Amino acid sequence: WLTATLPTGKPTLYGSVTRRGLSSQGVPDIAASEGFLVGEVTKKSILISCPHENVSTKFLAPYTTFSRIHQKSITCLDISSGGGLGVSTSTDGTMKIWQAANGEIRRLLEGHVYDVNCCRFFPSGLVVLSGGMDAQLKIWSAEDASCVVTFKGHKGGILDTAIVDRGRNVLSCSRDGTARLWDCGKSSCLGVIADCGSPINGIAVGTADNSLNLGTPEKALSDREVGTEGKILLLAQEDKKLQGVGLQSRQPVFLFVGSDAFNCCTFLSSTYVLAGTQDGNIYQLDVRNTNAPIQVIHRSGAPVLCLLPYRDGFIASQGDGTCFIVQQDLDYVLDLTEADCDPVYKVASWEKEIYTCCRGGIVRRYQLSDL
């Protein structure tokens, strides 16, 4: 099935493609339904355009799939800064580090109780941060799988994390409605950045535009707090609110109310942010004026589960198995295929490689150099 993503206010176009046969080179012969045109077809990609609306989508098949890393749904993954290692968490209760090139398992990280919800590499690529339903935040060595730090303080499961600069301080958000700042060196909580009264499903930290008033701290800061100045923390909340908070001041900067629970958020730049909702909306906002969104992208009613800046656009994944890269102006979309109806929970990228994980327990690796 085809879905053409159009700018705000225009209805989504739907169509279908049919394979009529296979060439001697193994390239499929493809036909599209009325209103769509089939362009270049290779073993890995199909270009479909909709001339009437002047939009096109390229469907890209995965370069490799890894099906043996976990036994059950993979809830989160990340790729190290050098591209060599992947880390993932699963509903099978495990967290693993593996070779990004071939999926070969290198380390098993054991220590959380119950599900591990989130994981990410520190900028060094040698250390991993994780959060779980046991309300614990942990730091691990990717080299020997040892847990070097455990943070305790949340009263509910940790749903997302963020790293400040090089990682002397880290952030977490939880079902308990709080976002907290932690000092890695002393394993202590430096403060509650926000207490929202509703679960915080996702967070993102970014450098704020100079024109933005981030507020002033009400009390003296700890000398253990490093790199929080000039930063804004985004909070994607279950109560339909997207909030911006001055990381150093702990003061609210903006509040935007969406159509449904916010699942995820990210920065595109110091002025533009994205946030995705449970009912399928992707909001692009200017943090200097959040009265009305710049645009709202809606492909389907499936939950938006992950948003990731990528080159001059972003990658989005949804609960219906769709995962796509939006370029500027929405005139060209790249669809990463094969998850079918399995929710794609998380996306990570390194240079021209993109990795996804889904309910089916498979990690898919796409190579944009295939295009």
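Rules used throughout
- Residues numbered from 1 in each chain as written.
- Predicted model: local features only at pLDDT ≥ 70, side-chain atom pairs only at ≥ 80, totals over all residues.
- Heavy atoms only, no water.
- Salt bridge = Lys/Arg side-chain N within 4 Å of Asp/Glu carboxyl O.
- Helix = DSSP H or I, 4+ residues; strand = E, 2+ residues; numbered from the N terminus.
- Buried < 20%, exposed > 50% of the residue type's maximum accessible area, 1.4 Å probe, protein only.
- Pairing = 2+ DSSP bridges.
- Axes fitted to C-alpha atoms, helices over the stretch in contact; angles between N-to-C directions.
- UniProt positions renumbered as here; feature names shortened; annotations may be inferred.
- Disulfide = S-S within 2.5 Å.
- Contact = heavy atoms within 4.5 Å.
- Polar contact = N/O pair within 3.5 Å; in protein donor to acceptor, adjacent residues only side chain to side chain.
- Phe/Tyr/Trp six-rings, centres within 6.5 Å; stacked < 30°, edge-to-face > 60°.
- Lys NZ or Arg CZ within 6 Å of the ring centre and 35° of its normal.

A closer look at the pattern of salt bridges
Here comes step 1: For the coordinates displayed, the defined rule picks out eleven salt bridges.
Here comes step 2: Residue Asp160 pairs with Arg120 through a salt bridge whose shortest N-O separation is 3.5 Å. Placement of the pair is Asp160 in strand E17 (residues 158-164) and Arg120 in strand E13 (residues 116-121), with a sequence separation of 40 residues.
Here comes step 3: The exposure class of Asp160 is buried, given its relative accessible area of 9%.
Here comes step 4: Classification of Arg120 by relative accessible area gives partly exposed; the value is 24%.
Here comes step 5: Its salt-bridge partner being Glu353, residue Arg365 comes within 3.1 Å of it at the nearest N-O pair. Of the two residues, Arg365 is situated in strand E35 (residues 363-367) and Glu353 in strand E34 (residues 353-358); the sequence distance between them amounts to twelve residues. Grouping residues by exposure puts Arg365 and Glu353 together as buried.

With respect to the sheet that holds strand E12 (residues 105-109)
Sheet strands line up and pair through hydrogen bonds in the backbone, either parallel or antiparallel.
Here comes step 1: Strands sit in the order E9-E10-E11-E12 across an open sheet of four strands; the sheet is antiparallel. The strands lining the two open edges of the sheet, one partner per strand, are strand E9 (74-79) and E12. The sheet shows a mean angle of 20° between the axes of neighbouring strands, direction not considered.
Here comes step 2: Pairing of strand E11 (residues 95-99) with E12 involves four bridges; the strand directions are antiparallel. By the bridge assignment for E12, Trp98 is matched with Ile105.

Details of the UniProt feature "repeat: WD" (unreviewed entry) in the chain
Here comes step 1: UniProt feature "repeat: WD" (unreviewed entry): in the numbering of this structure it lies at residues 67-108, 109-150 and 151-183.
Here comes step 2: Helix makes up 0% of residues 67-108 and strand 50%. Its end C-alpha atoms lie 16 Å apart.

Some remarks on the state of the cysteines
In protein chemistry, a disulfide is the covalent bond that joins the sulfur atoms of two cysteines.
Here comes step 1: Evaluated as defined, the whole model comprises zero disulfides.
Here comes step 2: Cys189 provides the cysteine sulfur closest to Cys184, a residue in no disulfide bond, and the two sulfurs are 12 Å apart.
Here comes step 3: When its relative accessible area of 13% is taken as the criterion, Cys184 is described as buried.

So, the environment of Ser130
Here comes step 1: Mapped onto the elements of the fold, Ser130 is located in strand E14 (residues 127-132).
Here comes step 2: Spatially, the C-alpha atoms of Ser130 and Cys118 are 5.5 Å apart, while their sequence positions differ by twelve residues.
Here comes step 3: Not counting residues up to four positions away in its chain, the partners in contact with Ser130 are Met95, His112, Val116, Cys118, Cys119, Gln136, Leu137, Lys138 and Trp140.
Here comes step 4: Separated by 2.8 Å, the side chains of Ser130 and Trp140 make a polar contact.

Looking at the packing of aromatic side chains
Here comes step 1: According to the stated counting rule, one finds six aromatic pairs in the structure shown.
Here comes step 2: Here Phe151 and Trp182 contribute two aromatic rings whose centre-to-centre distance is 5.1 Å and whose plane-to-plane angle is 40°, an arrangement assigned as tilted. Placement of Phe151 in strand E16 (residues 147-152) and of Trp182 in strand E19 (residues 178-183) is noted, with a sequence separation of 31 residues between them. Both residues of the pair, Phe151 and Trp182, belong to the buried class.
Here comes step 3: Taking the centre distance of 5.8 Å and the plane angle of 55° together, the rings of Phe262 and Tyr283 count as tilted. One end of the pair, Phe262, is in strand E25 (residues 262-267); the other, Tyr283, is in strand E27 (residues 281-286), with 21 residues separating them in the sequence.
Here comes step 4: Residue Tyr283 is classed as buried on the basis of its relative accessible area, which comes to 8%.
Here comes step 5: Its end group placed over the ring of Phe324, Arg299 keeps NZ or CZ at 4.1 Å from the ring centre.

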